[in-house]
Amino acid sequence: MLSSAISFSLMGVCVKAVGGRIPVAEVVLARSAVSLLLSIAMLKQAGLNPWGQRRGLLVLRGVIGTGALLCVFAALAQLPLAPATVLQYLQPTFTALLAWLLLRERVGPRVLLAALLGWLAVVLLSNQNDLMGLLGPITSRWLESTATPLPLTGVLLAIAGALLSACAYVSVRALGRTEHPLVIVFYFPLVGLVLTTPLVLLQPVWPTAWEALALVGVGLFTQLGQLGVTNGLLGMPAARATALSYGQVPLAALWGWWFFGESLDPDTALAMALVLAATLLSLRRSAKDR
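Criteria and thresholds
- Residues numbered from 1 in each chain as written.
- Predicted model: local features only at pLDDT ≥ 70, side-chain atom pairs only at ≥ 80, totals over all residues.
- Heavy atoms only, no water.
- Phe/Tyr/Trp six-rings, centres within 6.5 Å; stacked < 30°, edge-to-face > 60°.
- Helix = DSSP H or I, 4+ residues; strand = E, 2+ residues; numbered from the N terminus.
- Buried < 20%, exposed > 50% of the residue type's maximum accessible area, 1.4 Å probe, protein only.
- Patch = residues over 30% accessible without salt bridge, like charges linked within 9 Å, V, L, I, M, F, W, Y side chains within 5 Å.
- Areas by Shrake-Rupley, 256 points an atom, 1.4 Å probe, with all protein chains shown as cover.
- Salt bridge = Lys/Arg side-chain N within 4 Å of Asp/Glu carboxyl O.
- Core = buried A, V, L, I, M, F, W, Y, C linked by side-chain atoms within 4.5 Å.
- Contact = heavy atoms within 4.5 Å.
- pLDDT = per-residue confidence, 0-100.

> Any chance you could break down the packing of aromatic side chains for me, citing the residues and the numbers?
The geometry of an aromatic ring pair is captured by the separation of the ring centres together with the interplanar angle, meaning the angle of the planes. Tallied over the full model, the rule gives 7 aromatic pairs. Between the aromatic rings of tryptophan 255 and tryptophan 258, the centroid separation amounts to 6.1 Å while the plane-to-plane angle is 35 degrees, which identifies the pairing as tilted. In this pair, tryptophan 255 and tryptophan 258 both sit in helix α13 (residues 248–260), 3 residues apart, roughly one turn of the helix. When its relative accessible area of 57% is taken as the criterion, tryptophan 258 is described as exposed.

As structure tokens, this is what we get:
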């Protein structure tokens, strides 16, 4: 899960680098093509049948994952890297709830408190007056900020990406009972390639040499991230596993400052602190769990 956080943070850098000119569907297509080639090579090396047993659920996981990528990549194109990443990491909150509803995994008080902190971070980052008002006058004054609100469309895209990612992660937990991790990873880019090719053919944009390199980077880092997250989800409960991926948040702030000159304002810094506190709460095991 930690290796996936590093990989996905670098993927975000590559997406951000091309997001201003290359359509989102084309970025997802490039990611799918590179990842599919790597998956086929790894399956051949392992001597595995790529088609798996529960093909319907494998395809559904690919559809949901592709939808998540479209939302996340679109949000990265509209928002600064650090806030976009923090909003994306509502994902563990959704994952914990879905894993409880669908997989009957226990959700303890620490995970619930972590979810609350994560949502406070979202409200702080979005800085929308309507959202602030829902928290009541005392909390609203405590979170009140003079920072420019993030684009609401970008915020909603990031939240949608988080929800769809959570659905995909829960499906991975279910698939892990019968499928090899490489088979699960293989279906994701295969379905993504099928879904995005018609969209790209409608509005193709020829990338420059640097953009082509960044697109290859999107596919490479996403593949590494997917391998890490798939193996991580198969080895521990979904809510606890996805909480580890919060390590991507400070990395996103670093890359945003380093590569794109994005400053870290107080709102984002406080939201990051809330998210990291949620991580520690999610990872801390009680004596009963040991």
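> Could you give me a rundown of a nonpolar patch on the surface, with the residues and numbers involved?
Together, Leu254, Trp257, Trp258, Phe259 and Phe260 line one region of the surface with nonpolar side chains, adding up to about 580 Å² of accessible area. Examined against the element boundaries, leucine 254 turns out to sit in helix α13. In this structure leucine 254 comes out as partly exposed when scored by relative accessible area, which is 34%.

> Residue-level account of the nonpolar core, with values.
Among the nonpolar cores identified, the biggest contains 72 residues, and Val15, Val27, Phe73, Leu76, Val86, Leu87 and Val218 are the most heavily contacted of them. With near-sequence residues (within four places) excluded, leucine 76 lies in contact with Gly12, Val15, Lys16, Leu81 and Ala84.

> Please provide a residue-by-residue account of the confidence of the model for the protein chain, values included.
Mean pLDDT for the protein chain: 82, with 85% of residues reaching 70 or above. Between residues 128–146, whose pLDDT stays under 50, and residues either more than four places distant or in other chains, the model counts 20 contacts. Under a pLDDT of 50 for its full length, residues 286–290 has, in the predicted model, 4 contacts with residues more than four places off or in other chains.

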